[in-house]
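Descriptive structure summary
The primary structure of each chain is shown beneath.
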Amino acid sequence: MTAPRIAELRARIGACRAALAAAPGDSAALAGLFGALDALGEPGTPEEAVARSAFGEALRRQGWAAEAELHHRAALSWLPDFGGNHFNLGLTLQALGRTAAAADAYGEAARLMPRFAPAPCNQGVLLRALGQREAAEAALRRAVALDPTLVPGWLNLGAVLQGHVPAEAAAGCYRNALALRPDLAESHANLGLLLKEAGRLADSLPSFERALALGLPDAGGVLAQLVQQMRHLGRWDGLAERSTQLAALVRGGATRQVHPWIFLGEGAGPAAEQDCARRYADWRTQGIAAMPARRGSGPRGRLRVGYLSADYHEHATAALIAELIERHDRNRLEVVGYSYGPDDGGPMRRRLSAGFDRFVDLAACSHADAAARIRADGVDILVDLKGYTQHARPEIAAHRPAPVQVQWLGYPGTTGAGFIDYVIGDPLVTPFDHQPFYAERIVQLPVCYQPNDRSRPIGPTPSRAACGLPERGTVFCCFNAAYKITPDLFERWCRLLRAVPDSVLWLLDSHPEASATLRREASRRGVAAERLVFAPRRPPAEHLARYRLADLFLDTTPVGAHTTASDALWAGVPVLTVLGEGFASRVGASLLRAAGLPELAVRSLDDYEATALRLAGDPDGIARLKARLAAERGRAPLFDTDRFARALERAYATMWDIHAAGWTPRPFAVPDEG
């Protein structure tokens, strides 16, 4: 740098400092001062370091976060031990979506300013987003101890505690926040979620309604929860209007927070379901950067496949995959189970732990640490068994720990996520002409996407009287959860009961209020309440045994039976279903084809009603259907676990071949080799 240039810069510094002495906040003078000091490579005074950080904060508020970061980092190089600079850097990094770096900045601010409650509060919020629950709890407890009036501290501490401590402890945090800010919609929303998760569904509704009435930046998530709990309770008054609002928010692109699993119940069609899932995935995994691509692993004798789930205990997914895991060909695959759910210590947990080549408990790991473990284990193909079902952690897969990532079995639809390469389906649930509605590439297994466990025991068949059923008459059965029963479908069931003398409808006792409501709704439609019989939950073998008392299983739509339909078919009960538009409404048709009864998948609700009525009047026809199921049970593709395992292994091999060749993921069908 020439002497005249140096002199010019020093003159500018002097002029800017003089201007700032007269007008301390002059932005032009500040910009000139910082530019001249940077050009000379010289630090400013401590006071100027503080001013530079404030200058950066002003830029952030104007939407210039990247420029703001440069000023914050320069300010920190001049004055590294000033906590306010670290706090402002945290705000900017958070705005840029760099969650982990922002949490570190807030942590340093909290260390340097031990009495400043917003620093540990913000740190705790981000640690929670990173899946570091215990660290988040510690930071948030520190924040509310420093400032008991800090509403965001109580709100976020409740969210961290929720599901990990008795419900009342987390509820106390939300009530503290509401005592300080009664009009805070988010506190009402979180309290509603807490009550729902504690099983107090009816109590959750006023909190959701109050949150919506107060107004939320994105009302979609809370509206979806309200709709779902109304479905669970059978509260149909006003449900249609709420559902219309929900669908309009999704179709209009006005929400990112609608839970995709709940939205499937709207039957809005695959295009709207994809829009919902894509926005939710973007919102849920914002700020998560993919790990660098794994290099130099080289060919291996066996593919290493990791199965990621929270459901390795007594759960529908576990019941479906247990035998598959045991039957995988160890000459072709090494299979690793990655669990982030509870260990109930039960027989299914023990069976699965023994069935995998390795079983890794990630429950205590943050999202990033869980992904790092999967990466360190050298997993070639990561299979997410959760999607967006309860307790899912899509953030783990969002880190891209494996070269090939797949979603399968748990979630009947697209994740809408760019970090999932493939969805495993079959020609019925995922026809190739539905590829535009999937972010993933469709892989079709030859017959059915769903495995089964041939070792599931069925207990002794109970008497009708023991199950509360009449000794005579047709037993229509549906053991789906109550939230899948729509008013239109229930109307058709009641018409069926009126048309078939002495028939009963045998339902699962999902929730006491729902059962009472459905009986009242039946009475309103001219059906005696006692013709609805509710089955309490029972252990698996007992539950399967009582299916044998049913004549015909009536599926629901737009979300149909999945494992429940397999249970019915395994126990020998024919299933009647409607082939719908989306994955969730096509599973029954896939299962029936694989079980040898494809004709029971009909095209419309009118056909469904007519077929049910025809079969109810033809006991011999039902007997023939049951005989076909019994005859095919030992050889039907639905229950041929070895055949399924070989097809799935061919699917994995093809995925890996595509990856190893350097090609982008592409849809393909797995050939049926019998």
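Residues numbered from 1 in each chain as written. Predicted model: local features only at pLDDT ≥ 70, side-chain atom pairs only at ≥ 80, totals over all residues. Heavy atoms only, no water.

**Some words on the nonpolar core**
If you look at the biggest cluster of nonpolar residues, it comprises 134 residues, and the most contacted ones within it are Tyr307, Trp408, Trp506, Tyr652 and Met655. With nine residues, helix H28 (residues 641-660) is the largest single contributor of residues to this core. (Core = buried A, V, L, I, M, F, W, Y, C linked by side-chain atoms within 4.5 Å. Buried < 20%, exposed > 50% of the residue type's maximum accessible area, 1.4 Å probe, protein only. Helix = DSSP H or I, 4+ residues; strand = E, 2+ residues; numbered from the N terminus.)

**Focus: the sheet that holds strand E13 (residues 601-602)**
In sheet architecture, strand pairing relies on hydrogen bonds along the backbone and comes in two forms, parallel and antiparallel. The strand order across the open sheet built from six strands is E10-E9-E8-E11-E12-E13, with neighbouring strands paired in parallel fashion. Whereas interior strands pair on both sides, the edge strands pair on one side only; in this sheet they are strand E10 (532-535) and E13. Sheet contacts for helix H22 (residues 512-524): strand E9 (504-508) and E10; angle to E10, the most-contacted strand, approximately 165°. (Pairing = 2+ DSSP bridges. Contact = heavy atoms within 4.5 Å. Axes fitted to C-alpha atoms, helices over the stretch in contact; angles between N-to-C directions.)

**Side note on the pattern of salt bridges**
Throughout the structure, instances matching the rule amount to 52 salt bridges. Two residues, Arg61 and Glu57, come together in a salt bridge whose shortest N-O distance is 3.0 Å. In this pair, Arg61 and Glu57 are both assigned in helix H3 (residues 46-61), four residues apart and thus about one turn of the helix distant. Glu57 gets classed as buried once you look at its relative accessible area, which sits at 7%. Three or more residues joined by partner-sharing salt bridges are found here, namely Arg302, Arg304, Glu334, Arg358, Arg373 and Asp377. (Salt bridge = Lys/Arg side-chain N within 4 Å of Asp/Glu carboxyl O.)

**Observations concerning the packing of aromatic side chains**
In the structure shown here, the tally under the stated rule is 22 aromatic pairs. With a centroid separation of 5.4 Å and 75° between ring planes, the pair formed by Tyr388 and Tyr411 is classed as edge-to-face. On the criterion of sequence distance, the pair formed by Tyr388 in the loop between strand E4 (381-384) and helix H20 (394-398) and Tyr411 in the loop between strand E5 (404-407) and strand E6 (422-425) is long-range, its members being 23 residues apart. There is no split in this pair, since Tyr388 and Tyr411 are both buried. Look at Tyr547 and Phe553: their rings are 6.4 Å apart centre to centre, the planes differ by 35°, and that puts the pair in the tilted class. When its relative accessible area of 0% is taken as the criterion, Tyr547 is described as buried. Accessibility expressed as a relative area gives 0% for Phe553, which makes it buried. (Phe/Tyr/Trp six-rings, centres within 6.5 Å; stacked < 30°, edge-to-face > 60°.)

**What to know about the sheet that holds E4**
Spatially, the eight strands line up as an open sheet ordered E3-E2-E1-E4-E5-E6-E7-E14, and their pairing is parallel. The sheet terminates laterally at strand E3 (358-361) and strand E14 (668-669), the two strands that pair on one side only. Relative to strand E2 (residues 333-339), strand E1 (residues 303-309) runs parallel, the two sharing seven bridges. Bridge pairing in E2 links Leu303 to Leu333. Running at roughly 110° to E1, H28 makes contact with E1, E2, E4, E5, E6, strand E7 (441-444) and E14 of the sheet.

**A few points about the packing of helix H4 (residues 65-78) against helix H5 (residues 83-95)**
Taken N-terminus to C-terminus, the directions of H4 and H5 make an angle of 155°; their axes are 9 Å apart at the nearest point. Judged on the interaxial angle alone, H5 and H4 are roughly antiparallel. In this structure, H4 crosses over H5, and the sense of that crossing is left-handed. Across the interface between the two elements, Ala65, Ala68, Glu69, His72, Arg73, Ala75 and Leu76 from H4 touch Asn85, His86, Asn88, Leu89, Thr92, Leu93 and Ala95 from H5. (Parallel < 35°, antiparallel > 145°, perpendicular 65-115°, else oblique. Left-handed = near helix turned anticlockwise from the far one by under 90°.)

**Description of the UniProt feature "domain: O-GlcNAc transferase C-terminal" (unreviewed entry) in the protein chain**
According to UniProt, the "domain: O-GlcNAc transferase C-terminal" (unreviewed entry) feature falls on residues 299-449 and 463-647. Secondary structure content for residues 463-647 is 46% helix and 12% strand, while the C-alpha to C-alpha distance between its ends is 40 Å. (UniProt positions renumbered as here; feature names shortened; annotations may be inferred.)

**Observations concerning unusual backbone geometry**
For the peptide bond that leads from Thr557 to Pro558, omega is 15°, which places it in the cis range. Secondary-structure assignment places Pro558 in the loop between strand E11 (552-554) and helix H24 (563-571).

**Re the pairing of E6**
On a regular strand, each side chain points to the face opposite its neighbour's, so the side chains alternate between the two faces of the sheet. Because side chains alternate across E6, one face comprises the buried residues Tyr422 and Ile424, and the other comprises Val423 and Gly425, equally buried. Across two bridges, the pairing between E5 and E6 is parallel. The residue of E6 that forms the bridge with Gln407 is Val423. Of the pairings in the sheet, the one linking E6 to E7 comprises four bridges and is parallel in character. Its bridge partner being in E7, Val423 is matched across the sheet by Ile442.

**Structural notes on the domain arrangement of the protein chain**
When its domains are assigned, the protein chain resolves into domain 1 (3-193), domain 2 (218-285), domain 3 (303-444) and domain 4 (470-639). Taking the mean C-alpha position of each, domain 2 and domain 3 sit 25 Å from one another. Contacts between the two partners involve 13 residues from domain 2 and, on the opposite side, 17 residues from domain 3. Of the roughly 1,200 Å² buried between domain 2 and domain 3, counting both surfaces, carbon and sulfur atoms make up 66%. (Domains from an automatic or database assignment. Buried area = accessible area lost by both parts, 1.4 Å probe.)

**Topic: the side chain of Thr99**
Locating Thr99 in the fold gives a position in helix H6 (residues 99-112). Those residues in contact with Thr99 that lie beyond four places of it in its chain are Leu126, Ala129, Leu130, Gln286 and Gly287.

**With respect to the pairing of E3**
Sheet analysis places E2 next to E3, joined by four bridges and oriented parallel. The residue bridging Tyr338 from the neighbouring strand is Val360, located in E3.

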